[in-house]
Amino acid sequence: MIAERSITAQKIIESISSKANKVGFINDTELTNALQYLETKGIPTNKHEDYKYCNMDAVFKKEFKNLSQEFNEITNEDVKPYKLNEAINLVVANGNYAENLSDKIIVKGITVKDLNVFTGKKSPLASLASSNSDAFIALNTAFSGNGIAIKIDKDQVIPMPINIIYINSAKDTSLVNPRNFIHLMPGAELTLSERFINIGKKAFSNFLSEKAVDENAKLTSYTIQEEGTEGFSVNTNQVKVGKYSTYDNTTITLSGQLVRNNHNVVIAGENSQSHLNGLFLTSGTQLVDNHTLMDHQVPNCESNELYKGAINGKSTGVFNGKIFVRKDAQKTNAYQSSKNILLSDDGTINTKPQLEIYADDVKCSHGTSTGKIDENALFYLKARGIGEVSARKLLLAAFANEVADKIQIESLRTHLETELNKLY
Amino acid sequence: MISIKNLHASINGKEILKGINLDVKAGEIHAIMGPNGSGKSTLSSVLAGREDYEVTEGEVKFMGKDLLEMSPEDRAREGLFLAFQYPIEIPGVSNINFLKTAINEIRTYNGKEAIEAKDFLALIKEKQKLVELDAKLTNRSVNEGFSGGEKKRNEIFQMAILEPKLAILDETDSGLDIDALRIVANGVNKLRSKNNAFIVITHYQRLLEHIVPDFVHILYDGRIVKSGTKELALELEAKGYDDIKHQFEKTQG
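Owing to the predicted nature of the structure, the values given are computational and were not obtained by experimental measurement.

This part is about the sheet that holds strand β16 (residues 302–311) of chain A. Residues and elements named next belong to chain A. Overall, mixed pairing links the 10 strands, which are arranged β2-β1-β5-β8-β10-β12-β14-β16-β18-β20 in an open sheet. Each of the sheet's edge strands pairs with one partner strand only, and the pair in question is β2 (96–97) and β20 (363–371). Two elements, strand β18 (residues 333–342) and β20, share 9 bridges in a ladder whose sense is parallel. Paired with N340 across the strands is T370, a residue of β20. Contacts between helix α7 (residues 388–404) and the sheet are confined to β12 (246–255), β14 (273–282), β16 and β18, with β16 contributing the most and set at about 150 degrees to the helix. Contacts between helix α8 (residues 410–423) and the sheet are confined to β8 (189–198), β10 (218–226), β12 and β14, with β12 contributing the most and set at about 40 degrees to the helix.

In structure tokens:
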């Protein structure tokens, strides 16, 4: 007999098992673990502390009862609007790397393959993402799409960004499990943009990325989410940062009915740093839930987080930031800030800093603020002839730009400006 | 230009303005003086359209139109300008973007096309000189990190750019050293013409040595209790506000 809580998981497994490809790139032990976790723990409900504001079990029961797992073929025309001129564009279509839609790699020091490059026991997949830690890691591991493996060679500073487009086009309600493994060898540097698009029917995108940043390496990554009203997603990043290295991410949520981001960074090498930034502008009945974990395992490292949300309509925003400073992680500097604007009476923001500190010589702080739009500033602008609508746009843009300005790819920044302007 | 009749206004149920009457014609400079708490800043806030205040009685005609019916932005678009006593800092909004938006919204309201980029830049340059504002400040966020004097100069700079018909200077002299005061006053003097008018609200006579008013009014307890020419300001400076208070209380008694 199966436990009550795993009924949803069982249903998912049953309905997609027959249509899923046999996954050869994840080793058998990991596969077994993943399935076992799903069968015993199930899909989290709001009773699960980490999913308190994001009842995934309910979402699956209501929105993803029947999974068709039928997809439209993605064409060049479909992906064209999301390619960036100044980048190497790679496409993951309905969960699988589509080499035919991707740019040819002519830059030295980059290896791009599908996940079949990894085989058997030596596969690094799941080395940074344990199925025992989260149901969505387990779900992805059990039914992973054949995503992308990127390796940047030692000491290679890649002069142009890589832009990965994850695009889904379901014929009918479906679940997609895109996955990648990004490895920066020692001394390598890369700017990575990851864009999430849905052009088909209702789709649940359960994305999982493992990112290994070796010593002296630097990874600057952008996550741009625009999956629209038919898009539901869990976006999990499992990052490991080596010594003297830098990992930065800026996540901007432009749309998506439900967006859950799990951004987990393990700071495993001394003298490294990591910055996480987030921006979400929500409306309607959207739910955007950002969970971050900064796991400081070693001394002399720095982390900084800035998450900003503007909540309109009946939507909900969540920021839960956990900073974990282990016993050995002396001289840690860890900061966290969550700033929010409530634009409507029916919107909700839940923000929670969680500091667990086991070292005694550290600097850690957090701050959170939630308020309405600044009435004094609004009046000042109006007193200069600027109308209500433009004045609000100016103030919201000012609020958002603190995060949006982190995006250093010009064409992407321009795109964001246009899209954000529609949301103000 | 502006005609204020029997204006009463209150905040949180407390009456601050108790029947103000004032007529300002084109080409005139009026000074309004008065002790703290007499209602000077309330008057400027009510005229600019701050919603915290409730107008309970009276009327204000601006260029023949009912000012109190208009939104704050429409008052500005019709040519009313308030130089704030405490200019607001707006992080993230650049002065340039702010001014361009303001100019264009005013132009659209008045049926004009948006300003050309080169004309806008020329305008900025010209007016910067007028108020001796550091060009670097224009590229920064609105008033963010500005010193007290820089904020006040930025107000006059904005005024110079927007060229209002009626400008109300709300204690623009407060917190200014003598050099900044001179710069601000010079700005106003260069901008005054027979087609515009100024209401200068001040606590001290000092500013009026530099901006010479045609009329001086003394505001006390929500009313204009005395009006005269520029000599009234000197008289006030010599005798202080206590004299006014005594006289006023005698007439009330």
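Next up on the list: the environment of A:A391. Residues and elements named next belong to chain A. Its place among the elements puts A391 in helix α7. When its relative accessible area of 0% is taken as the criterion, A391 is described as buried. For the pair A391 and I148, spaced 243 residues apart in sequence, the C-alpha to C-alpha distance is 44 Å. Residues in contact with A391, not counting those within four places in the same chain, are L378, L381 and I386.

Turning our eyes to something else, we now look at the pattern of salt bridges. Residue and element names in this part refer to chain A. Applying the stated criterion across every chain, the model contains 35 salt bridges over all chains. Among the ionic pairs, E49 bridges to K352, the shortest N-O distance being 3.2 Å. You can see E49 sitting in the loop between α2 (28–41) and α3 (56–63) and its partner K352 sitting in strand β19 (residues 348–357), a full 303 residues away along the chain. Overall, the relative accessible area of 47% leaves E49 in the partly exposed class. Here K202 makes a salt bridge to E63, at a shortest N to O gap of 2.8 Å. One end of the pair, K202, is in the loop between β8 and β9 (203–213); the other, E63, is in helix α3, and 139 residues separate them in sequence. Taken together, the shared-partner salt bridges connect K62, E63 and K202 into one network.

Turning next to the environment of B:E144. Here B:E144 is to be found in the loop between β8 (141–142) and α6 (148–162). In this structure B:E144 touches B:E89 and B:P91, once residues within four positions along its chain are discounted.

It is worth spelling out the side chain of A:D289 at this point. All names here are of chain A. Topologically, D289 is positioned in strand β15 (residues 287–296). Residue class for D289 comes out buried when judged on its relative accessible area of 0%. Polar contacts involving the side chain of D289 include one to the side chain of H291, which spans 2.7 Å.

Let's shift gears to the packing of helix α6 (residues 375–382) of chain A against α7(A). All names here are of chain A. One way to put it is that α6 packs onto α7 with a least axis distance of 9 Å and a crossing angle of 130 degrees. Classified by the angle between their axes, α6 and α7 sit oblique to one another. Classified by chirality, the crossing of α7 by α6 is right-handed. Between α6 and α7, the residues in contact are A377, L378, L381 and K382 and E388, A391, R392, L394 and L395, respectively. Broken down by class, the residue content of the contact of α6 with α7 amounts to 6 nonpolar, no polar and 3 charged.

Parameters and conventions
Residues numbered from 1 in each chain as written. Chains lettered and ligands numbered in written order. Predicted model: local features only at pLDDT ≥ 70, side-chain atom pairs only at ≥ 80, totals over all residues. Heavy atoms only, no water. Pairing = 2+ DSSP bridges. Helix = DSSP H or I, 4+ residues; strand = E, 2+ residues; numbered from the N terminus. Contact = heavy atoms within 4.5 Å. Axes fitted to C-alpha atoms, helices over the stretch in contact; angles between N-to-C directions. Buried < 20%, exposed > 50% of the residue type's maximum accessible area, 1.4 Å probe, protein only. Salt bridge = Lys/Arg side-chain N within 4 Å of Asp/Glu carboxyl O. Polar contact = N/O pair within 3.5 Å; in protein donor to acceptor, adjacent residues only side chain to side chain. Parallel < 35°, antiparallel > 145°, perpendicular 65-115°, else oblique. Left-handed = near helix turned anticlockwise from the far one by under 90°. Nonpolar A, V, L, I, M, F, W, Y, C, P; charged D, E, K, R; others polar.

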